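One-letter residues, chain by chain:
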Amino acid sequence: MNQDPEKLLEQLSLEEKASLVSGTDFWYTTAIECLDIPSLNLTDGPAGLRKQAGDSDALGLNKSVEAINFPAANLIACSFDRKALQELGERLGNAAQSEDVSILLGPGINIKRSPLAGRNFEFFSEDPYLTGELGAAYVKGVQNKGVGVSLKHFVANNRENQRFTVSSNIEERPLREIYLHAFETIVKDAHPYTIMCSYNPLNGVLNAQNRTLLTDILRNEWGGFDGIVLSDWGAVADSAASVQAGMDLEMPGKGKASQQAVVEAVQNNQLAVEDLDNSVLRILKLIQQLTDNAQTDPSYDKEKQHELARVLASNSMVLLKNDEQVLPIKEDDSLLVVGELADNPRSQGGGSSHVNAYKVSSPLENIQSGHSNVHFEQGYHLDQTADKNLSSKALEAAKKADKVVLFAGFPESLESEGFDKDSLLLPENQNRLIQEISQVNDNVVVVLQNGSVVAMPWIHQVKAILETYLAGETVGEATWDVLKGTVNPSGKLAETFPQRVEDNPTALTFNASTIDENYREGLFVGYRYYDKKKLAPLFPFGHGLSYTTFAYQDLTVEEKENNFILTVTLSNTGKVAGSEVVQVYISNQTSNIEKPEKELKQFEKVYLEPNETKKVKIVLDDSAFMWYNVDKKDWQIDDGSYLVQVGSSSADIRLTQEVTIQKGTKTHPEVTSDTYIADIMKRDDLKDLIATTEFGKTLNNLIGDDSNSKMLENIPLRAAEMMGFSPAQVKAFIDKANEK
């Protein structure tokens, strides 16, 4: 594109403008050849390039180009490693350049609100801070290579059933602190070229037509997002209304129908031409940006990318359980490998993220080539067909083996984009086989391949559990790397595993209605809920074991240049080199609001050799202490006490230190006639006043009578007269309290 976008805009007819805000087919924007305006190619890409080689279709049923299938977001998030996510993004950017792809449709950063949500494998976490940090790193990596991303799905696309129409109904504070938070972080920190608008309505307003969301918040409030907003495929119900709301590009568009709708809306004064021009100009600027950033040598080495996928996968796998150090596998162990998934692994999710993988390795072939004494039994059919012959042969073989490595997981038919799950239980034939084999062999290792949370009725019968999620095309090499100890596992769960689905905070509301999805749990998503309920999960957020041990010591917190600087001494106290994720949680002890027990606000992944010690430095800025004040429509920090908690998971806090904020909003509200006496008694700043006033003398006399003390807690000052206070005492106290 050789001309300045603003000059090009002046040359476009109304019809040409309308054509630019609608895709020309499933994967391309409209080109206008007479003005040298090229089309852009958009391709799915969260876990690998999915550019279709032939005729295009929305679901990718036609074959796509061969590409590296990297680990899915559900696994890579467990790395807790910003550098790894940026490197993944850069490699995907290389692949996109090699195939002339302009924009990769990803990453998906929706919050894992319910473990039953069918698309959880494509999203990072239940936690907005972790999601924002990893998502920003991924976006920077891709865009460093001159390729745009499409951050998705904006916003609150947290279930698949009726996803085009069901309204996500969320109160303002959880909307800001949980569901918009990661989007805001990435928009401000990584500047994505595009954002994809989700299918669903938000509080009754279709997101594709939600001006508050797409213009007021995204563009105006968040500091001037200047990229384009495009629709999820088929999300637009009214083309003109979407442009008016601030959505720039309808994909894939409805051809002439979409264009004509926009033209007629302008002609009938139902759509301001200024709104249309704003969208067109943003599209033209994006085309120019992508053209200018195109790299001249976009070739890439698939073998090197395959090896990177192996490293990413093995460094993200989560060792959930390892009783009696049954792992890693020893050279002289006789092994029985069981499970169809060992030989025919499930490496990726179903739906729009499905990649035509370069080369998929199986765990079985890697174990057989890397270990001298291995026997294999299929054990079960992945399609859930019962087969007593298969299970009987596996049971007999298990009696003779030192250790059994049993591969289990969900088939794609139970986990995919497009529908939600009904259960967290593995297929019955797999659960039964795990339990039966555990009765004849004391050293059973379960290796999971799954898109989301798994219930484990057999957890106390097996020695070890390795969570590999959907590990990509190197699932074979990476799994064996961890099982044999070549790689020391360092992944940490990015979502909570509940004991049972009924324990989840969304159990009463998820998929309860085909019209409304009511987020009644509010702020209490994931570990925030389990902490508040004092409800022990199966495995907590942030959990992950290692083949070594780590000691935390000497937490110091220093306020410096408007930040808090944390220093903690971390030591590898074992005999194996490994990495530990130092997790920092903040507990607000001050604000008189509904709030979680603690929230993740920083993390750092640290590698240590055996007996090595490092001082880990972590910075907490103001955002670590903020909450969203709905009345003020703004973020707020309150003066007072906060606990800085450092640990190895949300349930394994090793060190704690109190800090005091003295730069925010005063937490003591004005004393009025509606202020309760109990609230006055709790305030340190009013102790002297209580001790020196007539009001205080009367109060102390009443407190001395046990029969009065509890009643006083629930009496406001305007009703204090019935407890013996005079109106003059109350008025004088209110006046002096507010002077303080």
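Reading the values: rules and limits
Residues numbered from 1 in each chain as written. Predicted model: local features only at pLDDT ≥ 70, side-chain atom pairs only at ≥ 80, totals over all residues. Heavy atoms only, no water. Helix = DSSP H or I, 4+ residues; strand = E, 2+ residues; numbered from the N terminus. Buried < 20%, exposed > 50% of the residue type's maximum accessible area, 1.4 Å probe, protein only. Contact = heavy atoms within 4.5 Å. Areas by Shrake-Rupley, 256 points an atom, 1.4 Å probe, with all protein chains shown as cover. Lys, Arg positive; Asp, Glu negative; His and termini not counted. Charge placed at Lys NZ, Arg CZ, Asp CG, Glu CD. Pairing = 2+ DSSP bridges. Axes fitted to C-alpha atoms, helices over the stretch in contact; angles between N-to-C directions. Phe/Tyr/Trp six-rings, centres within 6.5 Å; stacked < 30°, edge-to-face > 60°. Salt bridge = Lys/Arg side-chain N within 4 Å of Asp/Glu carboxyl O. Core = buried A, V, L, I, M, F, W, Y, C linked by side-chain atoms within 4.5 Å. Parallel < 35°, antiparallel > 145°, perpendicular 65-115°, else oblique. Left-handed = near helix turned anticlockwise from the far one by under 90°. Nonpolar A, V, L, I, M, F, W, Y, C, P; charged D, E, K, R; others polar.

Colleague: Explain the overall build of the protein to me, please; I cannot follow it from the model alone.
Modeller: The number of helices and strands found in the protein is 23 helices and 26 strands. Dimensions of the protein, computed from the C-alpha atoms along their principal axes, are close to 85 × 75 × 50 Å. Counting the 740 residues in the protein, one finds 61% classified as buried. Within the protein, contacts between residues at least 6 apart in sequence are counted, and of these 75% link residues at least 24 apart. Carbon and sulfur atoms make up 45% of the accessible area of the protein, which totals about 29200 Å². Taking the 71 positively charged and 107 negatively charged side chains of the protein as two groups, their mean positions are separated by 4 Å.

Colleague: Can you help me understand the sheet that holds strand β20 (residues 578–588) in this one?
Modeller: The sheet built from four strands is open, its strands ordered β21-β20-β25-β26 with antiparallel pairing. The open sheet terminates on both sides in strands that have one partner only, identified here as β21 (599–608) and β26 (652–661). Going from strand to strand, the sheet's axes swing by 20° on average, the running direction of each strand aside. For β20 and strand β25 (residues 640–649), the ladder comprises six bridges, and the chain directions are antiparallel.

Colleague: Quick question: what am I supposed to make of the pairing of strand β6 (residues 194–197) here?
Modeller: Neither face of β6 is left uncovered, since the one carrying Thr194 and Met196 and the one carrying Ile195 and Cys197 both have all their residues buried. When strand β4 (residues 148–154) meets β6, the two strands line up parallel, connected through three bridges. Bridging across to β6, Phe154 finds its partner in Cys197. By the bridge criterion, four bridges tie β6 to strand β9 (residues 228–231) in an arrangement that is parallel. Bridging across to β9, Cys197 finds its partner in Ser231.

Colleague: Please explain the sheet that holds strand β10 (residues 318–322) as it appears in this structure.
Modeller: Strand pairs in the sheet, formed through backbone hydrogen bonds, run parallel or antiparallel to each other. In space, the six strands of this open sheet follow the order β10-β16-β15-β14-β11-β13, with mixed pairing throughout. Two strands in the sheet have a free side with no partner beyond their single neighbour: β10 and β13 (374–377). Strand-to-strand, the axes of this sheet are offset by a mean angle of 15°, without reference to chain direction. Sheet topology note: the strand β15 (residues 444–449)/strand β16 (residues 464–467) ladder contains four bridges and is parallel. The partner of Val447 across the bridge, within β16, is Leu466.

Colleague: What should I look at first to understand the packing of aromatic side chains in this one?
Modeller: Two aromatic rings, taken as a pair, are described by how far apart their centres are and by the angle between their planes. Tallied over the entire structure, the rule returns 17 aromatic pairs. Measuring from ring centre to ring centre gives 6.4 Å for Phe497 and Phe539, while their planes differ by 70°; the resulting arrangement is edge-to-face. In this pair, Phe497 sits in the loop between α17 (475–484) and β17 (516–518) while Phe539 sits in the loop between α18 (527–533) and β18 (550–560), placing the two residues 42 residues apart along the sequence. Phe539 carries the same exposure label as Phe497, and that label is buried. Three or more aromatic residues joined by ring pairs form one cluster here, namely Phe80, Tyr129, Tyr527, Phe541, Tyr585 and Phe603.

Colleague: I tried to follow unusual backbone geometry on my own but got confused; where do I start?
Modeller: Peptide bonds are trans in most cases, and residues, glycine excluded, mostly fall at negative phi. Backbone torsion omega between Lys152 and His153 reads -5°, so that peptide bond is classified as cis. The residue after Leu327, namely Pro328, is reached through a cis peptide bond having omega 5°.

Colleague: What exactly am I supposed to notice about the pattern of salt bridges here?
Modeller: When their charged atoms lie close together, side chains carrying opposite charge are able to pair. Here the structure, examined in full by the defined rule, presents 45 salt bridges. As a salt-bridge pair, Arg119 and Glu417 come within 3.4 Å of each other at their nearest N and O atoms. In this pair, Arg119 sits in the loop between β3 (103–105) and α5 (128–144) while Glu417 sits in the loop between β14 (403–409) and α16 (428–440), placing the two residues 298 residues apart along the sequence. Residues Arg119 and Glu417 agree in their burial class; the two are buried. Close ionic contact of Glu172 with Arg176 constitutes a salt bridge, the shortest N to O distance being 3.0 Å. In this pair, Glu172 and Arg176 are both assigned in helix α6 (residues 172–179), four residues apart and thus about one turn of the helix distant. Note on Glu172: relative accessible area 24%, which makes it partly exposed. You can call Arg176 buried: its relative accessible area is 6%. Taken together, the shared-partner salt bridges in this structure form one network comprising Asp44, Arg50, Arg119, Glu122, Lys152, Glu160, Arg163 and Glu417.

Colleague: Got a minute to help me understand the side chain of Glu90 in this structure?
Modeller: Position of Glu90 relative to the elements: it lies in helix α4 (residues 82–98). Here Glu90 sits buried without a salt bridge, and the closest side chain of opposite charge, Arg91, lies 4.0 Å off (N-O distance). Apart from residues no more than four positions distant in its own chain, Glu90 is found in contact with Gly141, Val142, Asn144 and Lys145.

Colleague: What am I meant to see in the nonpolar core here?
Modeller: One broad rule of soluble globular proteins: the nonpolar side chains tend to lie buried together. Counting 76 residues, the largest nonpolar core has Phe154, Val155, Tyr179 and Leu600 as its most contacted members. Here the element with the most residues in this core is α5; it accounts for eight residues. If sequence neighbours within four positions are ignored, Phe154 has contacts with Leu180, Phe183, Ile195, Met196, Cys197, Ser198, Asn207, Leu213, Leu214, Leu218 and Trp222. Residues Val326, Val338, Ala471 and Phe539 belong to the second largest nonpolar core, which totals 67 residues.

Colleague: Sorry, what's going on with the packing of helix α14 (residues 363–370) against α17 here?
Modeller: Any two packed helices are characterised by the angle at which their axes cross and by the distance between the axes. Contact geometry for α14 and α17: axes closest at 7 Å, N-to-C directions at 50°. One way to sum up the angle between α14 and α17 is to call them oblique. The element α14 and its partner α17 pack so that their crossing is right-handed. Residues Pro363, Asn366, Ile367 and Gly370 of α14 lie in contact with α17, whose contacting residues are Val475, Gly476, Glu477, Trp480 and Leu483. Its residues assigned to classes, the contact of α14 with α17 comprises five nonpolar, three polar and one charged.

Colleague: Is there a simple way to think about the packing of helix α15 (residues 388–398) against α16 in this case?
Modeller: In contact at an axis separation of 9 Å, α15 and α16 are set at 25° when each is read in the N-to-C sense. On the basis of their axis angle, the class for α15 and α16 is roughly parallel. With respect to the hand of their crossing, α15 and α16 are arranged in right-handed fashion. Taken together, the residues of α16 that come into contact with α15 (itself represented by Ser391, Ala394, Leu395 and Ala398) are Leu433, Glu436, Ile437 and Val440. A class-by-class count of the residues in the contact of α15 with α16 yields six nonpolar, one polar and one charged.

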